[in-house]
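# Architecture at a glance
The chain contents come next:
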Amino acid sequence: LDRQLRNVRWYTSRLSSDLIVTYFFFNDTATTEIYTLSLHDALPIWEMRPATLVWVAIDEGGGRRVLLSADNKAFWKPFQQQAALRGIPLHLPMMDMEDRSALSFSDVWGDFSNVIQRASLRYRANAILVGRVYSDGGRWRADWSFYSGGENSHWNVSGVKRSDVVAAAVER
């Protein structure tokens, strides 16, 4: 680490809650490494993680919608917090006219991977996380799918709080 730090071209840091995230850009390589330190504990050191595009269909009983980039912080915040702890950059689709013409709520809800992957091309994400989040008899449930490099995985979670099932997507 000492040897690498001598080759730092520039760096930037950002304080988020109790985390300091520092991005180092090196002279001798195109490698960017992220060093994340907690003010309370030392956390692991990560290389730059691949960007993940997140499509989430939400049924809150009163209406159905796809999570937007400008959506309420109450729903998006658990994703951001867990992703920050793991060093994973997450992005939401804009759901502008181009997205709306490429796919619908039903496409995301049904996890139609071909349609979702085609609509995701414009974002140039390395991976895609697709979720269906809904309330079921006082509990929250979520069905998740992850697509990256031709591989995919699927899992289900449930919890008392919506934030539990959302945060569990990043834990996997």
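Going by the structure above, here's the rest.
Residues numbered from 1 in each chain as written. Predicted model: local features only at pLDDT ≥ 70, side-chain atom pairs only at ≥ 80, totals over all residues. Heavy atoms only, no water.

### Topic: the nonpolar core
Note the cut-off: Take the buried Ala, Val, Leu, Ile, Met, Phe, Trp, Tyr and Cys residues and link them wherever side-chain atoms come within 4.5 Å; each set so joined is a nonpolar core. Exposed residues in this analysis have more than 50% of their type's maximum accessible area, buried residues have under 20%, and partly exposed residues fall in between, with area computed by a 1.4 Å probe over protein chains only. Under the DSSP-based scheme used, a helix requires at least four consecutive residues in state H or I and a strand at least two consecutive residues in state E, with every element numbered from the N terminus. Should any heavy atoms of two residues lie within 4.5 Å, those residues are counted as being in contact.
With 20 residues, the main nonpolar core has Val54, Val56, Leu67, Phe75, Phe79, Val133 and Trp144 as its most contacted residues. Counting only elements with at least two residues in this core, the list comes to strand 5 (52-59), helix 2 (73-86), strand 8 (127-136), strand 9 (139-148) and helix 6 (162-171). Apart from residues lying up to four places away in sequence, Phe79 is in contact with Val54, Val56, Leu67, Leu90, Leu129, Trp144, Val166, Ala169 and Val170. One finds Met95, Leu103, Ile128 and Val130 within the second-largest nonpolar core, a separate group that totals 14 residues.

### Brief notes about the side chain of Thr52
Among the secondary structure elements, Thr52 is positioned in strand 5. What makes Thr52 buried here is its relative accessible area of 6%. Apart from the residues within four sequence positions on either side, Thr52 is in contact with Ile88, Pro89, Leu90, His91, Ala125, Ala127, Ile128, Leu129 and Phe146.

### Observations regarding the packing of aromatic side chains
For clarity, the threshold we go by: To pair, rings of Phe, Tyr and Trp, with the six-membered ring standing in for Trp, must have centres within 6.5 Å; the planes then decide the type, stacked if under 30 degrees apart, edge-to-face if over 60, and tilted in the middle.
Under the definition given, this model contains three aromatic pairs. Centre to centre, the rings of Trp55 and Tyr123 are 6.4 Å apart; their planes meet at 80 degrees, and the pair counts as edge-to-face. With a gap of 68 residues between them, Trp55 in strand 5 and Tyr123 in the loop between helix 5 (113-120) and strand 8 connect regions that are remote in the sequence. With a centroid separation of 5.5 Å and an interplanar angle of 25 degrees, the aromatic rings of Phe105 and Trp109 are classed as stacked. Taken as a pair, Phe105 and Trp109 lie in helix 4 (residues 105-109) at a separation of four residues, close to a single helical turn. Given the relative accessible area of 17%, Phe105 is considered buried.

### Structural notes on helix 5
What sets the pattern is the α-helix's 3.6 residues per turn: residues three or four places apart point alike. For clarity, the cut-off: Picture the helix axis, draw a direction to every C-beta atom, and the arc is the one those directions span.
Considered for burial, the residues of helix 5 that qualify are Ile116, Ala119 and Ser120. Down the axis of helix 5, the buried set is contained in an arc of 100 degrees. They therefore lie on one face. The outward face of helix 5, more than 90 degrees from its buried face, is lined by the exposed residues Asn114 and Arg118. Those residues of helix 5 hidden inside the fold are in contact with strand 5, helix 3 (97-102), helix 4 and strand 8.

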